[in-house]
Structure formats: structure tokens, C-alpha cells
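# Fold and contact review
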Amino acid sequence: MHLLIWASRVALMVAALDRGDLDEVARQAELAGPTAVEHALGSHDRAVVIAAIVGAPAVEDRAELLPALARVAAANDRRVAIPAARAALAIARDFTKRDRPDDVAADDVDGWRASFEAIARSPDALIETRMIALDVAHALARDGVGFELAALLADPDPDVMLAAAQIACADHKADLQAVADRIHALSKDRAAARDVESCLK
């Protein structure tokens, strides 16, 4: 019976998405609950996945959807990967504004963080997704920047490296010398590089 109810809710989410009614997508996702939305995120039907992504931030216990969102964000399909990463960032920021629930272990949160750090460090992931994943890992970190700074500062893509540097510059001043050592290697976006350099002074 639960499967039929979930399928019905997901169908209503997709129908609302087709109409462009994002508020209704969110409402149906909230009614469906995290288990149904998690199943929808694993669908082979792109429309179902997109509806689940749109609805994910409205779900109660939505932090439980972070592993499923990470799997979608790691894909090379721009239409789902980038929105999934953005939904995960919204959920992560909301989650860390509140006290951690008793049924969520600190190790669970660190596992979620690690899954997004893995996306940020993956050369196979989309650049936009990698940069958003850095912010997700940072949001979920108990301390530090939430990712291995030295590895990201050595990333061959200057946009990813700059994004990591900006996070470190803004929030983790103990490692700013590593940022300073790498910032001069930037070949693109000199204005952004100067912004980062300004916080090193």
C-alpha cells in the first residue's frame, strides 16, 4: 500500500512540475516524505528525478536525502547534476543552522560531507557541480573548511582551485599561507584572484 501511495505522490509531483507549479511540487514532496523522494531520486525517468530534486528541500528530515542527492550530483547530466547539488547546498545550510537531531550521528554527517568532497575533487564531475559541492562540504564540516585544502589548491582547474581558495580565505585563516602560495598560479579571473589575495593581507 505504501508503494502505491508513494507512486501517487511522485506522480502528482511530476504533474505539478509539468505545470510549472513549484510550490505544489514542494507540497507533494513534503506529503510524500523522505523515503518516497529518495526512491524518486534514483529513478531512470529524468522528469521524476527533477521533480524529486525540486521537492527535496521541502521534505521533513530532508538531510537524509543528502546521500541520494550526492549520487545525482555526481552524474554528467547537467539538467539533474547541478540542480541536485544546489538542493543539497540548501539542505546542508539549513541542517547546520539547527541542533543535530538525536537520530543523526556525527559520523553520518561526516559521511555526507565526504561524499560531496569526493565530487568536488572528481575530475569527471561537472565543473559547476564540483564548485557547489565544495560549498556543501564546507557547510557540513564540524571544523575546518570541510575538504582537503592542499588537494583542492593543487587542482588543475583554476575555477575549482579559486573556489576552494575563496572558502579558505573567508573561513579558515590558519591555512592562508597555502592559499597565498597557490593564488599566483591562477591563469583566469584575475579580479577574483585579487579579491582572495586581499584577505591574505
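In this text the structure is predicted, and so the values were computed from the model without any measurement.

### Description of the packing of aromatic side chains
- Within the structure shown, the criterion is met by one aromatic pair.
- Arranged with centres 5.6 Å apart and planes meeting at 70 degrees, the rings of F95 and W112 form a pair that is edge-to-face. In this pair, F95 is assigned in helix α6 (residues 78–96) and W112 in helix α7 (residues 106–121), connecting sequence segments 17 residues apart. Neither F95 nor W112 differs from the other in exposure class; each is buried.

### Observations regarding the packing of α7 against helix α8 (residues 127–140)
- Relative orientation of the contacting elements α7 and α8 amounts to 155 degrees, with a least axis distance of 8 Å. Accordingly, the angle class assigned to the pair α7 and α8 is roughly antiparallel. For α7 against α8, the interelement crossing comes out left-handed. When α7 is examined against α8, the residues V109, W112, R113, F116, E117, I119, A120 and R121 are found in contact with a partner set consisting of T129, R130, A133, L134, V136, A137 and L140.
- For the contact of α7 with α8, the residue count by class is ten nonpolar, one polar and four charged.

### As for the side chain of R130
- Mapped onto the elements, R130 comes out in helix α8.
- Residue R130 is classed as buried on the basis of its relative accessible area, which comes to 3%.
- Of note is the side chain of R130, whose polar atom sits 2.8 Å from the backbone oxygen of A120.
- Setting aside chain neighbours within four positions, we find R130 in contact with I119, A120, R121, S122, P123, A125, D155, D157 and V160.

### Describing the side chain of Q28
- Along the chain, Q28 turns up in helix α2 (residues 22–32).
- Contacts of Q28, omitting those with residues within four sequence positions, involve R9, L12 and M13.

### Topic: the confidence of the model for the chain
- Summary statistics for the chain give a mean pLDDT of 85 and a share of 82% for residues scoring 70 or more.
- The secondary structure element of the chain with the lowest average pLDDT is helix α12 (residues 190–198), at 59, and the one with the highest is helix α5 (residues 66–73), at 97.

### Observations regarding unusual backbone geometry
- Of note in the backbone geometry, D61 takes a positive phi value of approximately 60 degrees without being a glycine.
- Within the fold, D61 resides in the loop between α4 (46–55) and α5.

### So, the layout of surface pockets
- Of the voids in this model, the largest pocket is the one considered here, and its volume is about 260 Å³.
- Contributing to the lining of the largest pocket are 14 residues, with D61, R62, A63, F95 and P101 lying nearest its centre.
- Here the lining of the largest pocket takes three residues from α6, the largest share from any one element.
- The residue makeup of the lining of the largest pocket, split by class, is six nonpolar, no polar and eight charged.

### Here's the deal with the pattern of salt bridges
- Taken as a whole and judged by the stated rule, the model has ten salt bridges.
- When the shortest N-O distance is used, the salt bridge between D110 and R113 registers 2.9 Å. Of this pair, D110 and R113 both sit in helix α7, three residues apart, roughly one helical turn.
- Overall, D110 belongs to the partly exposed group, its relative accessible area being 32%.
- Given a relative accessible area of 12%, R113 falls into the buried group.
- Of the charged contacts in the structure, one is a salt bridge between D155 and R130, with a shortest N-O distance of 2.4 Å. Linking D155 in the loop between α9 (149–153) and α10 (158–171) with R130 in helix α8, this pair joins segments that are 25 residues apart in sequence.
- Connected via shared salt-bridge partners are D110, R113, E117, R121 and E148.

Thresholds, definitions, all that
Residues numbered from 1 in each chain as written. Predicted model: local features only at pLDDT ≥ 70, side-chain atom pairs only at ≥ 80, totals over all residues. Heavy atoms only, no water. Phe/Tyr/Trp six-rings, centres within 6.5 Å; stacked < 30°, edge-to-face > 60°. Helix = DSSP H or I, 4+ residues; strand = E, 2+ residues; numbered from the N terminus. Buried < 20%, exposed > 50% of the residue type's maximum accessible area, 1.4 Å probe, protein only. Axes fitted to C-alpha atoms, helices over the stretch in contact; angles between N-to-C directions. Parallel < 35°, antiparallel > 145°, perpendicular 65-115°, else oblique. Left-handed = near helix turned anticlockwise from the far one by under 90°. Contact = heavy atoms within 4.5 Å. Nonpolar A, V, L, I, M, F, W, Y, C, P; charged D, E, K, R; others polar. Polar contact = N/O pair within 3.5 Å; in protein donor to acceptor, adjacent residues only side chain to side chain. pLDDT = per-residue confidence, 0-100. 1 Å grid on protein atoms, 1.4 Å probe; cavity = no way out; pocket = protein on both sides within 12 Å on 5 of 7 lines; lining within 4 Å. Points joined across faces, edges and corners; volume = space filled by probe spheres on them. Salt bridge = Lys/Arg side-chain N within 4 Å of Asp/Glu carboxyl O.

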